[in-house]
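Structural description and commentary
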Amino acid sequence: MREIKSKVQFNNEVARDTYLMGLKVEDEEFLAEPGQFVMLRLSQATDPLLRRPFSICGTTRKNTILILYRVVGRGTFLMAAMLPGAELSILGPLGKGFRLPDPGQRTFLVAGGIGVAPLLFLASRITKHSPRLLIGYRSQNEIIDISGFDLGGVEIVLATEDGSTGYHGVVTDLLASELNRLGGAPSVVCTCGPPAMMQKVSEICLKEGIPCQVSLEAAMACGVGACLGCAVRNASATDGSYYHVCKDGPVFDAMMIEWESL
Amino acid sequence: MKTLEPDLRVKLGPMELKNPVIAASGTFGYGDEYADVVAPNLLGGIVVKGLSLAPRPGNPPPRIAETPSGMLNAIGLANIGVEAFLKEKLPWLRTLDTTVIANIYGHTVAEYGEVALALKGVDGVDAIEVNISCPNVEKGGMAFGTDPEIAAMVTEAVLKNTDKPVMVKLSPNVTDITQIARAVEGAGAHIISLINTLTGMAIDVETRRPRLANVSGGLSGPAIRPVALYMVYRVVQAVKIPVVGIGGIMEARDALEFLIAGAKAVQVGTANFVNPRATVDIVEGLKQYCIEKKIRRLEEIVATLRV
């Protein structure tokens, strides 16, 4: 983990209120694993105060970090207004990422909306495995333009809740129907999205006996295990103990998480 | 002509720190979390995460919420317990060339004494900081630090069970903080640190739920700095023992305010989250200030407020 200075290289709107930012790290190599995250300092002023956590959506030419984000609050509102050349401090890479599937393991990646960010990074690393990337949106006007990603070999299937594009329904139903239709379950499922959706994915996987990795999000102040703010309940502990999303995750085996606590 | 390196050492009761900048409890883990970005040996000291007798899992999430120029936290004093601290964390802390301060708390007066006893004679722990802001289960959950008599009892219980300098960390959630300060001084505390967080809350108006699962939490960050500064200024007038200033210190100029108001040292907390190098940046900034103002010893500026 390091604190690194970076410059905004581009900051393009890729869907309504959704942007892809490229951050160029000067004179350094930034080596990250899919599923890891960074804490970005979005202002030199004291309001907003804390850094914000973002999944790493990819790295290119070893020194550009891609961040895919949706404008949801004051931090991301400031971020959306940043122009190329703006300076940002990065703390990272942080946390534990996805365990990469072995070659030959059939992999399904299941994304809910902006939750596609870490899965795009993962997909780009395992294109040779021909993973299937299922992405759910509410409607086609939310569809994130990912044409800039080199995803040759990745099969992308879309679902919209209103049926405006692709499968008509939620992405968890798409997952269930794909499992039925294809027969022969995948060896691994990796998912990121709203908690209720990930819980449903993990239930489907549990029923089918498929190992499932989930990438969680939590409010956090430090990102390095110091503040203990990002607690999530440990499903197997009898003493009510917690994991911390920043250090123990953000990627967990679905079985580890007490979903009702989220 | 060669510029003389200013002397940043400060005397804090029975201790001497290499500089007045200490990492505050609960914001720096057990010291190792930030070791990648901050060389701990550059700091005046490190206060480790508050320790209790038994490990505590802490509160349900959400535990933190950002507020204007500040943050609320209700971590619930989650920690690994004093025994695991000694076994897992202390060996590394012992290798450091900085002052290591163990922050402790209890839920009864006796428990404070027991945690202090567990650290008695332990090599590598240089001092004890006593958190008196937590709820007293024997008094219906009212914080120990809100009653001068009970604050003094806690101080005595710790002093009786330790061979180390004792610093008592005061809660600002009181009517007159100088009363508590005098009470713990009277009980024999060597040092006072202040302020702990101010109690507050925030509400999500969409869901009408509190933004912390615990409903209320402790406010920290630059938002509380003027409050903290004034309380430090008042406590410095009220007691003879050294005072350590805490509250929203982000950079060297903030630390200087506290020193000028009379604090002998400062603790840096929330700033670590925003700028992990905040502590070392402050040390560097204090050095630069001394050079610019031709101050040989930083201690010369302590309590030099011109009123």
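No experiment lies behind these values; they were computed from the predicted model shown.

**What to know about the overall build of chain A**
Counting secondary structure elements, chain A contains four helices and 16 strands. Its C-alpha atoms give chain A a radius of gyration of 18 Å, within 12% of the compact-globule value 18 Å for 262 residues. By its C-alpha atoms, chain A is 50 × 45 × 35 Å across when sized along the principal axes. Burial analysis of chain A (262 residues in total) assigns 55% to the buried set. Contacts spanning at least 24 positions in sequence make up 64% of the contacts within chain A whose residues lie at least 6 apart. Counting every atom, chain A has about 11,200 Å² of accessible surface; 50% of that belongs to carbon and sulfur.

**Observations concerning the confidence of the model for chain B**
Averaged over all residues, the pLDDT of chain B is 95; the fraction at 70 or higher stands at 99%. Two summary scores accompany this predicted model of the complex, namely pTM at 0.95 and ipTM at 0.93.

**Details of the pairing of strand E12 (residues 188-192) of chain A**
Residues and elements named next belong to chain A. The element E12 is largely enclosed, with a buried count of five among its five residues. Burial along E12 is two-sided: Val-188, Cys-190 and Cys-192 facing one way and Val-189 and Thr-191 facing the other are all buried. In terms of strand pairing, strand E8 (residues 107-112) meets E12 through five bridges, oriented parallel. Looking across to E12, one finds that Leu-109 is bridged to Cys-190. Pairing of E12 with strand E13 (residues 212-215) involves three bridges; the strand directions are parallel. The residue bridging Thr-191 from the neighbouring strand is Val-214, located in E13. Regarding the hand of the β-α-β motif, the stretch spanning E12, helix H4 (residues 195-208) and E13 is right-handed.

**Considering the packing of aromatic side chains**
As enumerated under the stated definition, the model contains six aromatic pairs over all chains in all. Relative to Tyr-69 of chain A, the ring of Tyr-19 of chain A has its centre 5.6 Å away and its plane inclined at 15°; by these criteria the two rings are stacked. Of this pair, Tyr-19 of chain A sits in strand E2 (residues 18-25) while Tyr-69 of chain A sits in strand E6 (residues 64-70), and the two are 50 residues apart along the sequence. Per residue, the accessibility class of Tyr-19 of chain A equals that of Tyr-69 of chain A, and both read buried. Arranged with centres 5.6 Å apart and planes meeting at 45°, the rings of Tyr-243 of chain A and Phe-252 of chain A form a pair that is tilted. For Tyr-243 of chain A, a relative accessible area of 16% puts it in the buried group. Site record: aromatic cluster; members linked through ring pairs are Tyr-19, Phe-54 and Tyr-69 of chain A. Across from the ring centre of Tyr-242 of chain A, 4.6 Å away, lies the NZ or CZ of Arg-63 of chain B, which sits over that ring.

**Remarks on the sheet that holds strand E6 (residues 70-73) of chain B**
Residue and element names in this part refer to chain B. The strand order across the open sheet built from four strands is E5-E6-E14-E11, with neighbouring strands paired in antiparallel fashion. Two strands lie at the open edges of the sheet, namely strand E5 (64-67) and strand E11 (198-201), each paired on one side alone. Averaged over all pairs of adjacent strands, the angle between strand axes in this sheet comes to 40°, irrespective of strand direction. Bridge count for E11 against strand E14 (residues 216-220) is four bridges, and the pairing is antiparallel. Its bridge partner lying in E14, Leu-198 is registered against Leu-219.

**Regarding the sheet that holds E13 of chain A**
All names here are of chain A. One open sheet holds the seven strands; their spatial order is E11-E10-E9-E8-E12-E13-E16, and the pairing between them is mixed. Of all the strands in the sheet, just strand E11 (167-168) and strand E16 (251-253) have a single pairing partner and so form its edges. One ladder, built from five bridges, connects E8 with strand E9 (residues 132-137); its direction is parallel. The residue bridging Phe-108 from the neighbouring strand is Arg-132, located in E9. With respect to the sheet, helix H2 (residues 116-125) is in contact with E8, E9, E12 and E13, its orientation differing from that of E8 by roughly 155°. Of the strands in this sheet, E8, E12 and E13 are in contact with H4, which crosses E12 at around 170°.

**Observations concerning the interface of chain A and chain B**
Across the boundary between the two partners, chain A contributes 31 residues, which contact 32 residues of chain B. Interface area lost by chain A to chain B is led by Met-1, Leu-49 and Tyr-242 of chain A, which between them contribute 24%. Applying the counting rule to chain A against chain B returns two salt bridges. Here Arg-52 of chain A and Glu-66 of chain B are joined by a salt bridge, their closest N and O atoms 3.0 Å apart. Where chain A meets chain B, there are eight residue pairs in polar contact (both at pLDDT 80 or more).

**Focus: the nonpolar core**
Counting residues in hydrophobic clusters, the biggest one holds 132 residues, and the most contacted among them are Leu-170 and Leu-194 of chain B. If you look at the next biggest cluster of nonpolar residues, it comprises 28 residues, including Ala-15, Leu-119, Val-154 and Val-188 of chain A.

**Section: a nonpolar patch on the surface**
Together, Met-201, Ile-203, Val-205 and Val-215 of chain B give the surface a local cluster of nonpolar side chains, amounting to about 390 Å² of exposed area. Structurally, Ile-203 of chain B can be placed in strand E12 (residues 203-204).

**Overview of the pattern of salt bridges**
Per the stated rule, a full pass over the model turns up 20 salt bridges over all chains. Put simply, Arg-138 of chain A and Glu-142 of chain A hold a salt bridge, and the shortest N to O gap is 2.9 Å. Within this structure, Asp-47, Arg-52 and Arg-74 of chain A together with Glu-66 of chain B form a network of salt bridges that share partners.

**A short note on the pairing of E8 of chain A**
Residues and elements named next belong to chain A. Summarising burial for E8: six of the six residues are buried, a large majority. By the alternation rule, side chains of E8 split into Thr-107, Leu-109 and Ala-111 and Phe-108, Val-110 and Gly-112, which are all buried. The parallel pair E8 and E9, bridged by H2, forms a crossover whose chirality is right-handed.

**What about H2 of chain A?**
In terms of burial, H2 of chain A is a largely internal element, eight of the ten residues being buried. Buried within H2 of chain A we find Val-116, Ala-117, Pro-118, Leu-119, Leu-120, Phe-121, Leu-122 and Ala-123 of chain A.

Quick notes on the rules
Residues numbered from 1 in each chain as written. Chains lettered and ligands numbered in written order. Predicted model: local features only at pLDDT ≥ 70, side-chain atom pairs only at ≥ 80, totals over all residues. Heavy atoms only, no water. Helix = DSSP H or I, 4+ residues; strand = E, 2+ residues; numbered from the N terminus. Rg over C-alpha atoms; globule rule 2.2 N^0.38 Å. Buried < 20%, exposed > 50% of the residue type's maximum accessible area, 1.4 Å probe, protein only. Contact = heavy atoms within 4.5 Å. Areas by Shrake-Rupley, 256 points an atom, 1.4 Å probe, with all protein chains shown as cover. pLDDT = per-residue confidence, 0-100. Pairing = 2+ DSSP bridges. Right-handed = clockwise from strand over helix to strand, strands pointing away. Phe/Tyr/Trp six-rings, centres within 6.5 Å; stacked < 30°, edge-to-face > 60°. Lys NZ or Arg CZ within 6 Å of the ring centre and 35° of its normal. Axes fitted to C-alpha atoms, helices over the stretch in contact; angles between N-to-C directions. Buried area = accessible area lost by both parts, 1.4 Å probe. Salt bridge = Lys/Arg side-chain N within 4 Å of Asp/Glu carboxyl O. Polar contact = N/O pair within 3.5 Å; in protein donor to acceptor, adjacent residues only side chain to side chain. Core = buried A, V, L, I, M, F, W, Y, C linked by side-chain atoms within 4.5 Å. Patch = residues over 30% accessible without salt bridge, like charges linked within 9 Å, V, L, I, M, F, W, Y side chains within 5 Å.

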